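An overview of the molecular structure
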Amino acid sequence: MKILVCISKVPDTTAKIAFTDNNTAFDTNGVSFIINPYDEWYALVRGLEIKEAQGGSVTVLNVGEADNDPTIRKALAIGADDAVRININPKDAQQAAKQIAHYASENGFDMVLCGKETIDYNGSQVAGMVAAFLDQPFISNAIKLDMDGNTAKIERDIQGGKEVLEVNTPFVLSAAKGMAEARIPNMRGIMAARTKPLNVVEPTAFDDTTEVLSYELPPAKGDCKMVSADNPAELLELLRNEAKII
Amino acid sequence: MSILVYSNAVNNKIHKSAHEAVSYAAQLAEKTSDSVTAIVVGEVSDADSLGKFGANKVLHSKNEKLNDFQPSLIAQLIQAAAEAEGAKTIVFIHDLVGKSIAPVLSARMGAGLVSGAVDLPKIDGDGSIKKAVFSGKAYAHVKVNTAAKVISVMPNSLEKKEFNVDATIESFDADLGDAKISVKEQKMESTDLPLTEAEKVVSAGRGLKGPENWGMIEELAKELGAATACSRPVSDMDWRPHHEHVGQTGVAIRPNLYIAVGISGAIQHLAGVNQSKVIVVINTDPEAPFFKSADYGIVGDAFEVVPKLVEAAKSMNLSDN
């Protein structure tokens, strides 16, 4: 199996969210970056497990500039064979998806695996767009992926339950919790990652379709109103008469 | 021109998310003087209910290729409908269905996609659309630079206004490609109230000490007409099923009421719940960080407080609401 895993670089889950330049840009000051957890824990690790069971290769792909390289090296340390970075800071998901699809169609993969969303823009956009540009079936929010020859047996979350389906390669999938367990890179992996290929590919010219004009933080919560543990019924009275939600 | 809305149906009934999507489109159409066209797929017994929320027309497709869920083919169908209707704006709900179809459609049409919209486009201003980002820790105002737009709306973000229009229902079909996905089985959870659709949620964490203690949480949820949820450690230890895990890496929810019992409120948990309208925290530790994000709090032992709440809820007869 020739597997492409798309990884995105995102702020660490505990990062303080703040904006700069008149609220037009994310304030990266003091923020550490990680591989988007859905991309790393589920898409990448499951891709590696399939490769280990059946042979083949796992290539990780990132759309971004040179400051993403340390994040990409971590994916190599976890076990990817090689990496590709398309050298552009994408303005929106569709631009990133076009770059990915362009690379994938030129290089031919049996499957493209992504996380179900990134934890910064929460768009859930790139994987479905890549599928459309490649004209391949799209399976979203997958929680299980097993290969039987060229047929994938997939379980995915649907509203109120799960769906079991089959699809032949090639396909594009977005991965959710349950696909795999996170792997921590070991020292051998970290050493090997230094010499694995990280190829930088120049972008193809594509327009962006959306742009962020500004950001805002939600209004600060007021004080928490405390209710005595001796009289919890008062809480329900407040929820009924003050908050008016029960 | 018309605004086109993808309207999901479950078990032959229009899903309540579709009413929400249609109402969003109708509120937008009021400002832009457009009409609203809904599109539904498969056997549906109550397509006319979409008129109540503002659909002027319903396009109904019974194409057999869509019997199994095929995001690519549904996107083809919607694209054909958009062309037939001259629709430049297509609306989805940002749930598991919308997340599967909207990006495929937007790429096919070369249209900008705003996913997770929490408000109408600012028609009188710069046209930008407010959406949740950073797992609910911030908002972005996004401008679409293409003539056609796809908007997927965060569930429970806008009032579900009624318009009471008499919708005309027309059958609709398009030439679709091959169905490549074959669905073998659907396993539905036994719960009547899926977490992401619940307006009230009672959630519990490690403070409950073991899975055998969830009875009182379920009872409180039942009395309030709420769904149950849990924190990540609880789901990781298999005390509760995975689909109940709310937080950054689990499900993100935005109910009207979120009651957290024995959950300290780690930032990753908050990311999944901080868009709830009212948050109640019950914890033995007065220093639990969750109290800083809560509207109401009780410092106390869950094993004493929750049973008392159940009793009080019973005497108030809340489950009818």
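Residues numbered from 1 in each chain as written. Chains lettered and ligands numbered in written order. Predicted model: local features only at pLDDT ≥ 70, side-chain atom pairs only at ≥ 80, totals over all residues.

**As for the interface of chain A and chain B**
Taken together, the contacts link 62 residues of chain A with 77 residues of chain B. Contributing elements (two or more residues each) for the side of chain A that touches chain B: α3 (93-107), α4 (126-134), β9 (138-148), β10 (151-158), β11 (161-168), β14 (210-216), β15 (225-227) and α6 (233-241) of chain A. Taken together, the residues of the side of chain A that touches chain B sort by class into 34 nonpolar, 17 polar and eleven charged. Pairing analysis gives six bridges linking β11(A) to strand β12 (residues 182-188) of chain B, with the strands arranged antiparallel. Along β12(B), the bridge assignment pairs A:Leu165 with B:Val183. (Contact = placed C-beta atoms within 7 Å. Helix = DSSP H or I, 4+ residues; strand = E, 2+ residues; numbered from the N terminus. Nonpolar A, V, L, I, M, F, W, Y, C, P; charged D, E, K, R; others polar. Pairing = 2+ DSSP bridges.)

**Some thoughts on the confidence of the model for chain B**
Residues of chain B with pLDDT of at least 70 account for 98%, and the chain-wide mean is 94. The ipTM value of the predicted complex is 0.94, and its pTM value is 0.92. (pLDDT = per-residue confidence, 0-100.)

**Re helix α3 (residues 71-85) of chain B**
One turn of the α-helix equals 3.6 residues, which is why residues spaced by three or four share an orientation. All names here are of chain B. Over its 15 residues, α3 extends 21 Å from the first C-alpha to the last, a length consistent with the 21 Å expected when each residue adds 1.5 Å. Here α3 has its buried residues at Pro71, Ser72, Leu73, Ile74, Ala75, Gln76, Leu77, Ile78, Gln79, Ala81 and Ala82. At the exit of α3 stands Gly86, carrying a positive phi of roughly 65°. (Expected span 1.5 Å × (residues − 1). Buried ≥ 20, exposed ≤ 12 C-beta atoms within 10 Å, placed from the backbone.)

**Description of the sheet that holds strand β8 (residues 111-115) of chain A**
Taken in spatial order, the ten strands make up an open sheet running β13(A)-β7(A)-β6(A)-β1(A)-β8(A)-β12(A)-β9(A)-β10(A)-β11(A)-β12(B), and their pairing is mixed. The open sheet is flanked by β13 (198-201) of chain A together with β12 of chain B, the only strands paired with a single partner. The sheet shows a mean angle of 30° between the axes of neighbouring strands, direction not considered. Packed on one face of the sheet, helix α2 (residues 69-78) of chain A meets β6 (57-63), β7 (82-86) and β13 of chain A and runs near 155° to β7(A). (Axes fitted to C-alpha atoms, helices over the stretch in contact; angles between N-to-C directions.)

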